[in-house]
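Below are the chains, spelled out letter by letter.
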Amino acid sequence: MPDLALGDVKVLDLTNLVAGPYCTKLLADYGADVIKVEIPGLGDGARRLGPFPGDMPHREKSGLFLHLNTNKQSITLDLQTEAAGIVIRELIREADILVESFRPGTMAQLGMAYESLRSINPTLVMTSISNFGQTGPYRDYRLTDVMVYGMGGEMYSTGIAEREPVKLGVNVLLYQAGATASVATMGALFAARDQGIGQHVDVSIMETQAGSIDRRMSTLIGFQYTGEITGRNPHGSGAGYPFGATPCSDGYFEVSAGRGYFPRAVSMLGSPAELDDPKWYAPGAQMDMELKQEFDTMLMIWSLERTKSEAWAIAQESRVLSAPLNTMGDLAVDPEFNRRGAFVEIEHPVAGTLKYPARPFIMNDCPWSIRRPAPLLGEHNSEVLSRLGYRAEDVVRLRQQGVI
């Protein structure tokens, strides 16, 4: 058994930006040998996206790229050239998995349709990640993250009721798509090894959202029964009060103690006499907006006299579901996350030493590890090509021809 869970898996990575690279990052961080193919002179588009240290753009210092490409090797290939096609096919012969995120049809245009590659490597798993999948009327449409969220249905229910819907998160949908793709890829790899069959895995970013656990599945089922569309509640979450973020002396404190847990919130505030009034406990009190406003005023007066840590400690004593709203600075020094190794410092030859999010989960007998930082653009050209039998002069020639 290899020391790393995927230590005997070889992956060819033809992905770009977020969803595809996150899929291959998960494979690489648990041991897979991942070779990332980038455009000569440009590289992955994530190299041009921030954040950058000191807010100074540099293709080797993008925080997004550095995070998404740990443990990978980078080679540069102009896939439009015949010489690059030869190199790719040689790499495919020894690969277990190929992951690509081109627009549908691009692989076929490059002479790398799955059936063609399967003739080279019969057990090859090829995972294609695209906006709407490899088939269907929307196949060739382009998307941004906010469009995916909007088309997935639940953006309709987020935001202030009197305003336009708004999206939650930043690239969270693309990360979820990448995680889904990694699971699908591993399932196909098990089939390839157990049954000797390769297959083409078609991952639609749109479909990973439309069927996600972020309210979509439950609201879709609800629509089937009632025909009602989930809207935005003008009175908040509908969970009663207190619910949501409350300002403290040094930030914000999140609390959820509505409906059946209101007495705990009263205890948290020190059981003031004004909260003994039966009106607070009458049926429907939790949906009374005037009472909510009155209570929220008392809560804010209480919370502004305390730090978020102090408010959290008192809330815990009263068994109120709560948490401080951490800044990234708070999170970076939090003893719980650091004690469990949720962050790792990685030294990069250009970007320097930075702290990164570590593993998403722990496997007791198959450790996660950072074996190398995100690669420099084309850093492993000579190493990978020499392994394929190319001589030093061949590498020079390919560089002069613009192939690498």
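See the structure printed just above.
Residues numbered from 1 in each chain as written. Predicted model: local features only at pLDDT ≥ 70, side-chain atom pairs only at ≥ 80, totals over all residues. Heavy atoms only, no water.

(A) Structural detail: the pattern of salt bridges. With the rule as written, the count across this model stands at 19 salt bridges. The partner of arginine 118 in a salt bridge is glutamate 115, with the nearest N and O atoms 3.8 Å apart. Placement of both arginine 118 and glutamate 115 in helix H5 (residues 114–120) is noted, with a separation of 3 residues, approximately one turn of the helix. With its nearest N and O atoms 3.6 Å apart, the salt bridge here joins glutamate 393 to arginine 391. On the accessibility criterion, glutamate 393 (45% relative accessible area) is partly exposed. Shared partners join several salt bridges into a network, and the residues in it are Glu38, Arg47, Arg59 and Glu60. (Salt bridge = Lys/Arg side-chain N within 4 Å of Asp/Glu carboxyl O. Helix = DSSP H or I, 4+ residues; strand = E, 2+ residues; numbered from the N terminus. Buried < 20%, exposed > 50% of the residue type's maximum accessible area, 1.4 Å probe, protein only.)

(B) Examining helix H3 (residues 82–94) more closely. Of all the positions in H3, only Ala84, Gly85, Val87, Ile88, Leu91 and Ile92 are classed as buried. Each buried residue of H3 lies within a common arc of 160° when the element is viewed along its axis, so the set occupies one face. Across from the buried face of H3, at angles greater than 90 degrees, the exposed residues are Glu82 and Arg93. On its buried side, H3 packs onto strand E1 (10–14), strand E2 (33–38), strand E3 (72–76), strand E4 (97–100), H5 and helix H15 (381–387). (Arc of directions from axis to C-beta. Contact = heavy atoms within 4.5 Å.)

(C) Seen up close, the sheet that holds strand E8 (residues 251–256). Taken in spatial order, the 3 strands line up as E7-E8-E9 in an open sheet, and their pairing is antiparallel. The sheet is open, and its two edges are formed by strand E7 (243–248) and strand E9 (321–325), each paired on a single side. Sheet twist, expressed as the mean angle between neighbouring strand axes with direction ignored, is 25°. Where E8 meets E9, 5 bridges bridge the pair, whose relative direction is antiparallel. Across the sheet, phenylalanine 253 pairs through a bridge with proline 324, a residue of E9. (Pairing = 2+ DSSP bridges. Axes fitted to C-alpha atoms, helices over the stretch in contact; angles between N-to-C directions.)

(D) How the structure looks around the sheet that holds E3. The sheet built from 6 strands is open, its strands ordered E3-E2-E1-E4-E5-E6 with parallel pairing. Two strands close off the open sheet at either side, each with one partner strand: E3 and strand E6 (199–204). Within this sheet the neighbouring strands show an average axis-to-axis angle of 20°, counted without direction. The pairing of E1 with E2 spans 4 bridges and is classified as parallel. Within the sheet, the bridge partner assigned to aspartate 13 lies in E2 and is lysine 36.

(E) Representation of helix H11 (residues 289–304) within the structure. With 16 residues, H11 ought to run about 22 Å at 1.5 Å a step, and its terminal C-alpha atoms sit 22 Å apart, in line with that. Among all positions of H11, only Leu291, Phe295, Met298, Leu299, Trp302 and Ser303 are buried. Along the long axis of H11, the arc covered by the buried residues comes to 130°, so they all point the same way. Turned more than 90 degrees off the buried face of H11, the exposed positions are Glu290, Gln293 and Ile301. Taken together, the buried residues of H11 touch E7, E8, helix H10 (262–268) and helix H12 (308–317). A side-chain oxygen of the first residue of H11 lies 2.9 Å from the backbone nitrogen of glutamate 290; this N-cap is aspartate 288. (Expected span 1.5 Å × (residues − 1). Polar contact = N/O pair within 3.5 Å; in protein donor to acceptor, adjacent residues only side chain to side chain.)

(F) How the structure looks around empty space enclosed by the protein. Taken as a whole and assessed by the stated rule, the structure comprises 2 cavities of 30 Å³ or more. Within this model, the largest cavity holds a volume of roughly 70 Å³. Residue lining of the largest cavity: Lys10, Val11, Leu12, Asp33, Ile35, Leu91, Glu94, Ala95 and Arg387, and that is the complete set. The biggest single contributor to the lining of the largest cavity is E1, with 3 residues. Class assignment of the residues belonging to the lining of the largest cavity gives a composition of 5 nonpolar, no polar and 4 charged. The calculated volume of the second largest cavity comes to roughly 30 Å³. For the second largest cavity, the full set of lining residues is Leu79, Ala84, Gly85, Ile88, Arg89, Leu110 and Met112. (1 Å grid on protein atoms, 1.4 Å probe; cavity = no way out; pocket = protein on both sides within 12 Å on 5 of 7 lines; lining within 4 Å. Points joined across faces, edges and corners; volume = space filled by probe spheres on them. Nonpolar A, V, L, I, M, F, W, Y, C, P; charged D, E, K, R; others polar.)

(G) Highlighting the layout of surface pockets. Quantified by volume, the largest pocket comes out at close to 1000 Å³. Around the largest pocket, the lining comprises 41 residues; the ones closest to its centre are Asn16, Leu17, Ser101, Phe102 and Arg103. Counting residues per element, the lining of the largest pocket draws most heavily on E2, at 3 residues. Within the lining of the largest pocket, the residues separate by chemical class into 19 nonpolar, 12 polar and 10 charged.

(H) Up close: the packing of helix H1 (residues 19–29) against helix H7 (residues 172–195). As a packed pair, H1 and H7 sit with axes 7 Å apart at the nearest point and diverge in direction by 50°. Regarding the angle of H1 to H7, the classification is oblique. Crossing angle aside, the handedness with which H1 passes H7 is right-handed. Counting all contacts with H1, which are made through Ala19, Tyr22, Cys23, Leu26 and Leu27, the residues of H7 involved are Leu174, Tyr175, Ala177, Gly178, Ala179, Ala181, Ser182, Thr185 and Met186. For the contact of H1 with H7, the per-class residue count stands at 11 nonpolar, 3 polar and no charged. (Parallel < 35°, antiparallel > 145°, perpendicular 65-115°, else oblique. Left-handed = near helix turned anticlockwise from the far one by under 90°.)

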